[in-house]
Amino acid sequence: MEDWERDWKDYYKILQVDTAAEQEVVKGAYDRLARKYHPDLNKTPDANQRMKEINSAYEVLGNPEKRRQYDSAWRQKQGKGHGGGNVPIPPKPVVDPSL
């Protein structure tokens, strides 16, 4: 069982990408956020925790097979009548990796 299956997190929201984002966009978003929140560069108290979330999100969304499993589980949770309460709504903005 994957971590996200035990404790659901919206990895698309964490990386600030659309659910249809290409792998290059996911990678660019990860790189941008890693530069912003890496504890060696960001001295805010939550930088370490934020970086852990970013790494976890990229571990899944950056791997096509894990991403398919994650997306499938998300769709399945939606279809089970949870009413969206436990299932996050994917964000709409797409991060431009060139920024």
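Conventions adopted
Residues numbered from 1 in each chain as written. Predicted model: local features only at pLDDT ≥ 70, side-chain atom pairs only at ≥ 80, totals over all residues. Heavy atoms only, no water. Helix = DSSP H or I, 4+ residues; strand = E, 2+ residues; numbered from the N terminus. Buried < 20%, exposed > 50% of the residue type's maximum accessible area, 1.4 Å probe, protein only. Areas by Shrake-Rupley, 256 points an atom, 1.4 Å probe, with all protein chains shown as cover. Lys, Arg positive; Asp, Glu negative; His and termini not counted. Salt bridge = Lys/Arg side-chain N within 4 Å of Asp/Glu carboxyl O. Polar contact = N/O pair within 3.5 Å; in protein donor to acceptor, adjacent residues only side chain to side chain. Core = buried A, V, L, I, M, F, W, Y, C linked by side-chain atoms within 4.5 Å. Expected span 1.5 Å × (residues − 1). Contact = heavy atoms within 4.5 Å.

## Some words on the overall build of the chain
Along the backbone of the chain there are 5 helices and 0 strands. Counting all 99 residues of the chain, 35% fall into the buried class. Total accessible area on the chain stands at roughly 6300 Å², and carbon and sulfur atoms take up 49% of it.

## Quick look at the side chain of Asp10
Mapped onto the elements, Asp10 comes out in the loop between α1 (3-6) and α2 (11-15). With no salt bridge to any partner, buried Asp10 finds its closest opposite charge in Lys13, at an N-O distance of 6.2 Å. A polar contact of 3.1 Å, which involves the side chain of Asp10, links it to the backbone nitrogen of Tyr12.

## Points about the nonpolar core
Across soluble globular proteins, you tend to see nonpolar side chains buried next to one another. The biggest cluster of nonpolar side chains holds 22 residues, and the ones touching the most others in it are Tyr11, Leu15, Val17, Ile54, Leu61 and Tyr70. At the level of secondary structure, the elements contributing two or more residues to this core comprise α2, α3 (23-37), α4 (47-61) and α5 (64-79). Here this core takes 7 residues from α3, the largest share from any one element.

## Some words on α3
The terminal C-alpha atoms of α3 lie 21 Å apart, and with 15 residues this matches the ideal 21 Å at 1.5 Å per residue to within 8%. Within the sequence span of α3, burial applies to Val25, Val26, Gly28, Ala29, Tyr30, Leu33, Ala34 and Tyr37. Looking at the buried side of α3, the elements it contacts are α2, α4 and α5.

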